[in-house]
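# Examination of the molecular architecture
These are the residues of each chain, in order.
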Amino acid sequence: MTLAREIKAADFGPEDHFNELLRRERACGPYEVIVRAAADEERWLDERDRAGRIGSSEVASALGDGYDTPCELYASKLGLRPRLEDRLDDDGRERLEMGRLMEPTIRQRYQQESGRLTAPCGILLRSKLHPWLVATPDASVYDGELGLGCLELKWPGLYARHEWWDDAPVMYRIQLEAQLIVTGRRWGAIAAVVGGVHLHWHEYTSDAELRARILEEGADFHRRLLEEDPPPPTDRDGDALSFVYGADEREGDDRFGKMLDEPELLAADEEFQKISQAIRVLSRRRDELQNAIAHAVGDAAYGVMPDGSQWSWRTIKRRAYAVEDTTYRVFRRKKPRRRYRRRREEY
């Protein structure tokens, strides 16, 4: 008889079932409890990053679907670059803190609308089967048929409302799936109060394909951390590479150069030069065309194209600092208004 059926067979109410499942899971589940996040955040961060561990909130970045690129996450995990939490500006830190403060409210709203029992978690858990993977679910949720699940609670701004209409963003689905791997649970939910007003929640059963991808690519990223083998860079990784390779006292010394004669590097260098030349040519042509249109507009406030788009002058006054006030005009193109386009289509 399974653990869930054993408990169901006892003379318990739903809340008793829930609490007993949680108690037994923590006693003999597929994970070990490391630290409570609320008790000591600095220790929680240190434990998460210890020995190349990857947190469930970082897995999306390791897979190339998160806030950071794999190379950026690599540099942060090795202490070569500040962690994402340490790079937040004042607004970012305030949003993060506000999200934490609102977690109980979001959880209660989800519980009311879904009819499912929930309980806060906030404990750093480490998978026994995959020791490099750790997770801190925001909460646990209970369903009479599915058993225990993981519940993620989010507080996105109103600007992100379109990302939550039909589904949760992929990075949060990856985070949830990583939590299911650690806890051994079969399902979970993501609940978000968007813009501080609208509750969106989505429930998922474990995705075998996503699970396999997390385990394969996550294990490879863990190996890279242990072997100090940086992931291949993307177009966003110029700054990350400067942290990874850092300053070197050998810089400028001809004795320590490296010959780049591999065929793929020769091809990359040749393509880089061609693209750079094309950009220079296109930039000059773009500026030439813009100046020709600006000359045609002359001293008018703006010029209108047949499709309703505008080329307009905008006067800007720059306040004086080390130099005197400067007033100048910027010439730019505006897309046509929807109403203008619709009106033209009617005729």
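Residues numbered from 1 in each chain as written. Predicted model: local features only at pLDDT ≥ 70, side-chain atom pairs only at ≥ 80, totals over all residues. Heavy atoms only, no water.

### Regarding the overall build of the protein
Quick reminder of the rule: In this text, helices come from DSSP runs of H or I with a minimum length of four residues, and strands from runs of E with a minimum of two, each type numbered from the N-terminal end. To sort residues, take the accessible area from a 1.4 Å probe on protein chains only and compare it with the maximum for the residue type: under 20% means buried, over 50% means exposed, and anything in between is partly exposed. By definition, residues are in contact when any of their heavy atoms lie within 4.5 Å. Residue-level accessible areas treat just the shown protein chains as cover; the underlying method is Shrake-Rupley with a 1.4 Å probe.
Across its full length, the protein holds 11 helices and 12 strands. Relative to its full complement of 347 residues, the protein shows a buried share of 37%. Of all intrachain contacts in the protein linking residues separated by at least 6 positions in sequence, the fraction that spans at least 24 positions is 61%. With the model as given, the accessible surface of the protein reaches about 22100 Å², and the carbon-plus-sulfur share is 50%.

### A few points about the packing of aromatic side chains
Where we set the bar: Centres within 6.5 Å make a pair out of two Phe, Tyr or Trp rings, where for Trp the six-membered ring is used; the pair is then stacked when the planes are under 30 degrees apart, edge-to-face when over 60, and tilted otherwise.
Here the structure, examined in full by the defined rule, presents three aromatic pairs. When the centroid spacing of 5.7 Å and the interplanar angle of 20 degrees are considered together, the rings of F18 and Y142 count as stacked. One end of the pair, F18, is in helix α2 (residues 14-28); the other, Y142, is in strand β6 (residues 139-143), with 124 residues separating them in the sequence. With relative accessibility at 8%, the residue Y142 sits in the buried group.

### Looking at the sheet that holds strand β4 (residues 123-127)
Basically, it comes down to this: Here, any two strands with at least 2 DSSP bridges between them count as paired.
One open sheet accounts for four strands, arranged β1-β4-β5-β2; its pairing is mixed. Whereas interior strands pair on both sides, the edge strands pair on one side only; in this sheet they are β1 (31-36) and β2 (54-55). Bridge count for β2 against strand β5 (residues 133-135) is two bridges, and the pairing is parallel. Bridged to I54 within β5 is L133.

### Focus on the pairing of strand β9 (residues 198-205)
The pairing of strand β8 (residues 187-194) with β9 spans eight bridges and is antiparallel. Counterpart to A189 in the pairing with β9 is E203. Here β8 hands over to β9 after three residues, with G195 in that stretch at a positive phi of 65 degrees.

### Notes on the sheet that holds β6
The condition is simple: Only the contacting stretch of a helix is used when fitting its axis, a line to C-alpha atoms as for every element, and angles between N-to-C directions run 0 to 180 degrees.
The five strands are arranged β3-β6-β7-β8-β9 in an open sheet whose pairing can be described as mixed. Two strands lie at the open edges of the sheet, namely β3 (117-120) and β9, each paired on one side alone. Each strand axis lies, on average, 25 degrees off the axis of its neighbour in the sheet, ignoring direction. Of the strand pairs in this sheet, β6 and strand β7 (residues 147-154) are connected by five bridges, and their pairing is antiparallel. In the sheet register, D143 faces β7, and the bridge partner there is G147. Contacting β3, β6 and β7, α2 crosses the sheet at an angle of about 125 degrees to β6. Contacts between helix α6 (residues 90-114) and the sheet are confined to β3, β6, β7, β8 and β9, with β9 contributing the most and set at about 70 degrees to the helix.

### What to know about the confidence of the model for the protein
Put simply, the rule reads: pLDDT is a residue-level measure of predictor confidence that goes from 0 to 100.
In the predicted model, the protein carries a mean pLDDT of 84, and the fraction of residues at 70 or more is 84%. In the model, residues 340-347 has pLDDT below 50 throughout and makes nine contacts with residues more than four positions away in sequence or in other chains.

### Side note on a nonpolar patch on the surface
The cut-off we apply is this: Excluding any residue in a salt bridge, patches collect residues exceeding 30% relative accessible area, merging like charges within 9 Å and nonpolar Val, Leu, Ile, Met, Phe, Trp and Tyr side chains within 5 Å. For this document, the term salt bridge refers to a Lys or Arg side-chain nitrogen within 4 Å of an Asp or Glu carboxyl oxygen.
The grouping of L78, L80 and F243 at the surface amounts to a nonpolar patch, some 220 Å² of accessible area in total. Within the secondary structure, F243 sits in helix α9 (residues 238-245).

### Some points on the nonpolar core
Selection criterion: Throughout this description, the term nonpolar core refers to a set of buried Ala, Val, Leu, Ile, Met, Phe, Trp, Tyr and Cys residues connected via side-chain atoms within 4.5 Å.
Core analysis: the largest hydrophobic core is formed by 37 residues, its most contacted members being V59, L133, W164, I174, I190, I214 and F221. Elements supplying a minimum of two residues to this core: α4 (59-62), α5 (70-77), β4, β5, α7 (170-183), β8, α8 (208-227) and α9. When residues of this core are assigned to their parent elements, the largest contribution, eight residues, is made by α7. For L133, the contacting residues outside a window of four places in its chain are I54, V59, L125, R126, S127, A178, I181 and V182. In this structure, M102, Y110, W187 and A191 belong to the second largest nonpolar core, which totals 12 residues.

### Here's the deal with unusual backbone geometry
One non-glycine residue with positive phi stands out, namely E228, at about 55 degrees. Along the chain, E228 falls in the loop between α8 and α9.

### Quick look at α7
Test applied: Multiply 1.5 Å by the residue count of a helix minus one, and that product is the helix's expected span.
Under the 1.5 Å per step criterion, the end-to-end length of α7 is 20 Å for 14 residues, consistent within 8% with the ideal 20 Å. Burial in α7 covers these residues: M171, Y172, I174, Q175, L176, E177, A178, Q179, L180, I181, V182 and T183. One or two positions beyond α7, positive phi appears at G184, with a value near 75 degrees.

### Things to note about the environment of T118
Its place among the elements puts T118 in strand β3. For T118, a relative accessible area of 10% gives the class buried. T118 sits 103 residues away from E15 along the chain, and the two C-alpha atoms are 9.3 Å apart. Apart from residues lying up to four places away in sequence, T118 is in contact with F18, R107, Y110, Q111, S140, V141 and L151.

### Quick word on the pattern of salt bridges
Throughout the structure, instances matching the rule amount to 27 salt bridges. Between E58 and K77 there is a salt bridge whose closest N-O contact spans 2.8 Å. Remark: K77 occurs in helix α5 and E58 occurs in the loop between β2 and α4; sequence separation between them is 19 residues. K77 carries the same exposure label as E58, and that label is buried.

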